[in-house]
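Inside the fold
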Amino acid sequence: MQKVETHACFGGVQEVWQHRSQALDCDMRFGIYLPSQAREARCPVLYWLSGLTCTEQNFITKAGAQRYAAEHGVIVVAPDTSPRGPQVADAERYDLGQGAGFYLNATHEPWSAHYRMHDYIVEELPRLVEAQFNASDARAISGHSMGGHGALVLALRNPDRYRSVSAFSPIVAPAQVPWGEQAFTAYLGDDRDAWRSWDASELVRSTPAQANRPVLLVDQGEADEFLATQLRPELLEAACRETGYPLRLRRHAGYDHSYYFIASFIGEHIAHHAAALRN
Ligand SMILES: N[C@@H](CCC(=O)N[C@@H](CSC=O)C(=O)NCC(=O)O)C(=O)O
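Residues numbered from 1 in each chain as written. Predicted model: local features only at pLDDT ≥ 70, side-chain atom pairs only at ≥ 80, totals over all residues.

**Topic: unusual backbone geometry**
- For the bond from Glu109 to Pro110, the omega torsion is 0°, close enough to zero to count as cis.
- Within the secondary structure, Pro110 sits in the loop between β5 (75–79) and α3 (117–132).
- One non-glycine residue, Ser145, lies in the positive phi region at around 60°.
- Tracing the backbone shows Ser145 in the loop between β6 (135–143) and α4 (146–157).
- Ser145 gets classed as buried once you count the C-beta atoms within 10 Å, which come to 25. (Helix = DSSP H or I, 4+ residues; strand = E, 2+ residues; numbered from the N terminus. Buried ≥ 20, exposed ≤ 12 C-beta atoms within 10 Å, placed from the backbone.)

**Quick look at the environment of Pro214**
- Mapping Pro214 onto the fold places it in the loop between α6 (200–206) and β8 (216–221).
- In this structure Pro214 comes out as buried when scored by C-beta crowding, with 20 C-beta atoms within 10 Å.
- Along the primary structure Pro214 and Leu156 are separated by 58 residues, whereas in three dimensions their C-alpha atoms are 9.5 Å apart.

**Quick word on the site of the ligand**
- The immediate surroundings of the ligand are formed by 13 residues, with Gly51, Leu52, Asn58, Ser145 and Met146 found nearest.
- When grouped by side-chain class, the residues that make up the shell around the ligand number 5 nonpolar, 7 polar and 1 charged. (Near = placed C-beta within 6 Å. Nonpolar A, V, L, I, M, F, W, Y, C, P; charged D, E, K, R; others polar.)

**Focus: the pairing of strand β3 (residues 26–34)**
- Across 9 bridges, strand β2 (residues 12–21) lies against β3 in antiparallel orientation. Bridged to Trp17 within β3 is Phe30.
- The antiparallel hairpin formed by β2 and β3 contains 4 residues in its connecting segment, where Asp25 sits at a positive phi of about 55°. (Pairing = 2+ DSSP bridges.)

**So, the UniProt feature "active site" (unreviewed entry) in the chain**
- Here the UniProt feature "active site" (unreviewed entry) sits at Ser145, Asp224 and His257. For the annotated residues, spread through 113 residues, the largest C-alpha to C-alpha distance comes to 10.8 Å, consistent with a single compact locus.
- For Asp224, the location among the structural elements is in the loop between β8 and α7 (227–231).
- Using a count of 22 C-beta atoms within 10 Å as the deciding quantity, one classes Asp224 as buried.
- Setting aside residues up to four positions removed in sequence, Asp224 forms contacts with Ser169, Leu231, Asp256 and His257.
- Setting aside chain neighbours within four positions, we find His257 in contact with Ser145, Ser169, Gly221, Asp224, Glu225 and Phe226. (UniProt positions renumbered as here; feature names shortened; annotations may be inferred. Contact = placed C-beta atoms within 7 Å.)

**Brief notes about α4**
- Between its first and last C-alpha atoms α4 spans 16 Å; for 12 residues at 1.5 Å apiece the expected length is 16 Å, and the two agree.
- α4 sits mainly inside the fold: 11 of its 12 residues count as buried.
- Buried within α4 we find Met146, Gly147, Gly148, His149, Gly150, Ala151, Leu152, Val153, Leu154, Ala155 and Leu156. (Expected span 1.5 Å × (residues − 1).)

Right, dumping it as structure tokens:
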């Protein structure tokens, strides 16, 4: 593992590391913010999943999360959004291939050779972070758009791995919108039954009721250019209403799909996660 960036930030340090991923069979980069508290004690970790076209850089340079992570003593890990490199399958379009891994394990060629972002985020990356940094195994997960879909799906599929989950402008029902339909067709094939276990709204319907399910905290801008076509939060709202799944969906007038929206509310999300991670 190799450190490629380090910057003092709010009393802690923002770093970028590169390592060889076994799950993805390629070199990967991730950002990690280590608050000053991590010099003395193991700190809980928030995993952030970015959206289409992003690398590990977008969140760490645009969201302004470090101020709040420093305040709450939370480590924030921001991985890249897909496997990378010349040997990794790619597409011309921005919403498939590199930069568009959709946080799933692909089953269809040519994608299945490297696109195993679920296993990377849920298993390999926490193992590495908890071994190499002063990080505890108390984990939370959040993300934006494609990464919001990833955060919801990974938390719903792996309830024992995360103490809390939140999302900004998530794709809540990828099996029903163009971004998800084209990606799932490529990565998972034509059989829509195979898509269900990667769709947050479907998972809400199929997840057995448990007493301690963490609330799904979702923030959505009402001026988001993708709201009606790709995000459709009303589909998650309906699934949660039907099954009694706890959802806190907050709609914000005037906010679009950009990092200006994320920067406006990331402090509240980190406070939400910090409260769950303290217990
Ligand atoms: N057509 C756009 C689409 C790319 C885009 O809007 N990406 C968002 C995430 S969208 C859903 O996952 C993003 O986070 N962009 C990076 C940023 O720093 O804003 C395009 O290609 O420009």
